[in-house]
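# Tertiary structure, described
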Amino acid sequence: MNDIKQRFEKVNLQIRQAEVAAGRSNDSVQLLAVSKTKPAIDIARAYQMGQRHFAESYLQEALKKQQALAAFNITWHFIGPIQSNKTKAIATYFNWVHSVDRLKIAKRLSEQRPANLPALNICLQVNISGEASKAGVTLEQLPQLISEMRGLPNIQLRGVMAIPEPKTEYESQRQPFNQLYHAVKQLNMPELDTFSFGMTADLKAAIAEGSTIVRIGTALFGARMY
Ligand SMILES: *Cc1c(COP(=O)(O)O)cnc(C)c1O
């Protein structure tokens, strides 16, 4: 219990300090707690400390925890790879999806979003370091995908998500975030207000470069065991 409490306090403090260091306003960055592989009890503890936004990467695992935590007022984010046969459940049980990288998936999420729910918030995953093995559209493909998604009624495009190639040096961590941030700003679309980047190892660099949501797992819940 204390362990998770101390970890959350520490990460929240790091976020506030990084905001100050970057000259950004207090609470301009939201903490998204990445609870994949961790038990529902860990989520419940974090919830008791005021955390409301949680992210999961594996659908079946997420659905089980959502059932166990149905009494809690949690905002659920999906951040994992998306196969077509998973879109219906994702559209039904999540509030946000950060890992959309093709039109087919965006269309299905829009079609399958239940009519009684508000539009599903979407971030497009950008493969910012150009790694062949990683999911995501390239920066060059991004404007085309955005324009093709226009008019899908039940999703709301909010911004971009990125997982850059891991780098240990601070300046090297900042570079891809800087590039993505400015590429999106150049599109001149004020509705793209969300920059989902920054994980345990590069939180500070991400906030320095305009992140609005940091997705933190390890620093909050400890190392993951698969
Ligand atoms: C697991 C995961 C995270 C959290 O990573 P940590 O390094 O544990 O903070 C963030 N984003 C995505 C997409 C993930 O899959």
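Residues numbered from 1 in each chain as written. Predicted model: local features only at pLDDT ≥ 70, side-chain atom pairs only at ≥ 80, totals over all residues. Heavy atoms only, no water.

### Re the overall build of the protein chain
For the protein chain, the helix and strand inventory stands at nine helices and eight strands. For a compact globule of 226 residues, the expected C-alpha radius of gyration is about 17 Å, and the protein chain comes in at 17 Å, within 12% of that figure. Taken over the C-alpha atoms alone, the protein chain extends approximately 45 × 40 × 30 Å along its principal axes. Expressed as a percentage of its 226 residues, the buried residues of the protein chain come to 48%. Expressed as a percentage of contacts within the protein chain between residues at least 6 apart in sequence, the contacts between residues at least 24 apart total 58%. (Helix = DSSP H or I, 4+ residues; strand = E, 2+ residues; numbered from the N terminus. Rg over C-alpha atoms; globule rule 2.2 N^0.38 Å. Buried < 20%, exposed > 50% of the residue type's maximum accessible area, 1.4 Å probe, protein only. Contact = heavy atoms within 4.5 Å.)

### Brief notes about the site of the ligand
Around the ligand, a shell composed of Val34, Lys36, Ser57, Ile79, Ile163, Met199, Thr200, Arg215, Ile216, Gly217, Thr218 and Arg224 is seen. In the model, a nitrogen atom of the ligand is placed 2.8 Å from a nitrogen or oxygen of the Arg215 side chain. If the ligand stood free it would expose 390 Å²; the protein chains cover 89% of that surface. Residues belonging to the shell around the ligand are distributed by class as follows: five nonpolar, four polar and three charged. (Near = heavy atom within 4 Å. Polar contact = N/O pair within 3.5 Å; in protein donor to acceptor, adjacent residues only side chain to side chain. Areas by Shrake-Rupley, 256 points an atom, 1.4 Å probe, with all protein chains shown as cover. Nonpolar A, V, L, I, M, F, W, Y, C, P; charged D, E, K, R; others polar.)

### Considerations on unusual backbone geometry
With a phi angle near 70°, Asp27 is a residue other than glycine that sits in the positive phi range. Note that Asp27 resides in the loop between α1 (2-21) and β1 (30-34). By relative accessible area, which is 55% here, Asp27 ends up exposed. The backbone phi angle of Asn188 is positive, close to 60°, even though this residue is not glycine.

### A closer look at the pattern of salt bridges
For the structure shown, the criterion picks out 12 salt bridges. Notably, a salt bridge pairs Arg16 with Asp27, separated by 3.3 Å at the nearest N-O pair. Of this pair, Arg16 sits in helix α1 while Asp27 sits in the loop between α1 and β1, and the two are 11 residues apart along the sequence. Among the ionic pairs, Asp193 bridges to Arg158, the shortest N-O distance being 3.0 Å. Here the residue Asp193 occupies a position in the loop between α7 (170-186) and β7 (194-196), and Arg158 occupies one in strand β6 (residues 155-162), the gap between them amounting to 35 residues. A relative accessible area of 38% means that Asp193 is categorised as partly exposed. (Salt bridge = Lys/Arg side-chain N within 4 Å of Asp/Glu carboxyl O.)

### So, the nonpolar core
Counting residues in hydrophobic clusters, the biggest one holds 61 residues, and the most contacted among them are Val97, Leu109, Ile122, Leu124, Leu142, Met149 and Leu180. When neighbours within four sequence positions are excluded, Leu180 is seen to be in contact with Val126, Ile128, Leu139, Val160, Ala162 and Phe197. Judged by nonpolar contacts, the second largest core, of eight residues, contains Val34, Ala55, Trp96 and Cys123. (Core = buried A, V, L, I, M, F, W, Y, C linked by side-chain atoms within 4.5 Å.)

### Some details on the confidence of the model for the protein chain
Averaged over every residue, the pLDDT of the protein chain is 97; the share at 70 or more is 99%. Element-level mean pLDDT values for the protein chain span from 95 in α1 up to 99 in strand β3 (residues 75-78). (pLDDT = per-residue confidence, 0-100.)

### Notes on the packing of aromatic side chains
For the structure shown, the criterion picks out seven aromatic pairs. Ring centres 5.8 Å apart and planes at 75° place the aromatic pair Phe8 and Phe221 in the edge-to-face group. Of this pair, Phe8 sits in helix α1 while Phe221 sits in helix α9 (residues 218-221), and the two are 213 residues apart along the sequence. Residue Phe8 shares its accessibility class with Phe221, and that shared class is buried. With 4.6 Å between their ring centres and 20° between their planes, Phe177 and Phe197 make a pair best called stacked. You can see Phe177 sitting in helix α7 and its partner Phe197 sitting in the loop between β7 and α8 (203-208), a full 20 residues away along the chain. Residue Phe197 is classed as buried on the basis of its relative accessible area, which comes to 0%. The aromatic ring of Tyr47 is capped on one face by Arg52, whose charged end is 3.6 Å from the ring centroid. Over the aromatic face of Tyr170 sits the side chain of Lys204, whose NZ or CZ is 5.3 Å from the ring centroid. (Phe/Tyr/Trp six-rings, centres within 6.5 Å; stacked < 30°, edge-to-face > 60°. Lys NZ or Arg CZ within 6 Å of the ring centre and 35° of its normal.)

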